[in-house]
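# Commentary on secondary and tertiary structure
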Amino acid sequence: MPAPRLSVVMPTMRRRQELAQALAALERQTLPRGDYELILAEDALADPDGPRPESDSVQVVRAEVPGASAARNAGWRAARAPVVVFVDDDIRAPRDLLDRHLARHARGPAGRTAVLGHVRWAPELTVTPFMHWLDRGVQFDWGTIRGEGPRWWHFYTANASVARELLERVGGFDEIELPFGYEDLDLARRMSDHGLELVYERRAVADHLVAITEESFRSRLPRLAASELVFTGRWPEADSYFRDLFLTYAGAAPASGRGVRLIRWIPRRTPKLGHYVWHSADAYYCQRLGPDFLAEWDRLSSGAAQAL
């Protein structure tokens, strides 16, 4: 068979109900089906009884070690196209998503281009104040992409594409020290030393199908602390984003959270009121989430110091 123009890699634990919906959306693209291939990259710990692709045209590979990094590596190494699109298994692609990624690669320098697509909450979800708060820099940071465009620290692999040549130059994701969390930023930082040209294609917008709750986000915090500690140790020029954010409010008076319900309608940039509302929301959520993150950071930092 002729080589495809795009390879789509979707890492998965095969536990999400949304997986079938995500794969079906990728089968219905405006880009001709022969121009792209779909690779489902299973985690090493993926549920063997989880959902399977309904289409025989989806290639399934399995990582040898656990983690999203290893799954993505297994996927792109099995890919045949010069451009690899990474899409998470809870992301629903619009029909023109792959066309938009391919078009931006055609306009950029061959072998050095990466395209960042946009992710929004699926229209059928009820966006809670917490989900709205996550969208203002905590989970994604679209608001700071302006002027000269995205920088390497905006590279989120929920909806992104990259020249396979760049992946080969840097060896892909770090599946040992960064199996999940900061693995995409670490990849982008290493690619930036090899001529990475990152562009933001806002029209390549995809829907996030799973609502994130405060409880589900809290469960990620110990792993996130471990990843941020590794990442900032490796790249001293990078900010310890979450540690700095949580420390800002750690010693403050208990927050009432009065501004939480208003952040949906009042932008942070609104004079005076915006500052008050968002400061209130930041303090409220950071004081509720910060202790778990900071406790794990301190535990790991102490262990590393004792090892020295």
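Our next topic: the overall build of the protein chain. What the protein chain contains, in helices and strands, is 10 helices and 8 strands. Here the C-alpha atoms of the protein chain give a radius of gyration of 20 Å, agreeing with the 19 Å that 2.2 N^0.38 yields for 308 residues. For the protein chain, the C-alpha atoms occupy an extent of roughly 65 × 50 × 45 Å along the three principal directions. The 308 residues of the protein chain split such that 53% are buried. Contacts spanning at least 24 positions in sequence make up 77% of the contacts within the protein chain whose residues lie at least 6 apart. For the protein chain, the exposed area adds up to about 14700 Å²; of that, 52% sits on carbon and sulfur atoms. Distance between charge centres in the protein chain, computed from 40 positive and 42 negative side chains, equals 6 Å.

As a further point, take helix 2 (residues 68–78). Summarising burial for helix 2: 8 of the 11 residues are buried, a large majority. Residues of helix 2 that are buried sit in contact with strand 1 (6–12), strand 2 (36–42), strand 3 (58–62), strand 4 (83–87), helix 5 (164–170) and helix 6 (183–192).

Moving on, we get to helix 3 (residues 97–107). Taken as a whole, helix 3 has its buried residues at Leu-97, Leu-98, His-101, Leu-102, Arg-104 and His-105. Looking straight down helix 3, one finds its buried side chains confined to an arc of 160 degrees; they lie on one side. In helix 3, the exposed positions angled more than 90 degrees off the buried face are occupied by Ala-106 and Arg-107.

Turning to unusual backbone geometry, a few remarks are in order. A positive phi angle, near 70 degrees, is found at Tyr-182, a position not held by glycine. As for its position among the elements, Tyr-182 is in the loop between helix 5 and helix 6. A positive phi is found at Lys-272, a non-glycine position, where the angle reads about 60 degrees. As for its position among the elements, Lys-272 is in the loop between helix 9 (241–250) and helix 10 (273–307).

Cut-offs applied
Residues numbered from 1 in each chain as written. Predicted model: local features only at pLDDT ≥ 70, side-chain atom pairs only at ≥ 80, totals over all residues. Heavy atoms only, no water. Helix = DSSP H or I, 4+ residues; strand = E, 2+ residues; numbered from the N terminus. Rg over C-alpha atoms; globule rule 2.2 N^0.38 Å. Buried < 20%, exposed > 50% of the residue type's maximum accessible area, 1.4 Å probe, protein only. Contact = heavy atoms within 4.5 Å. Areas by Shrake-Rupley, 256 points an atom, 1.4 Å probe, with all protein chains shown as cover. Lys, Arg positive; Asp, Glu negative; His and termini not counted. Charge placed at Lys NZ, Arg CZ, Asp CG, Glu CD. Arc of directions from axis to C-beta.

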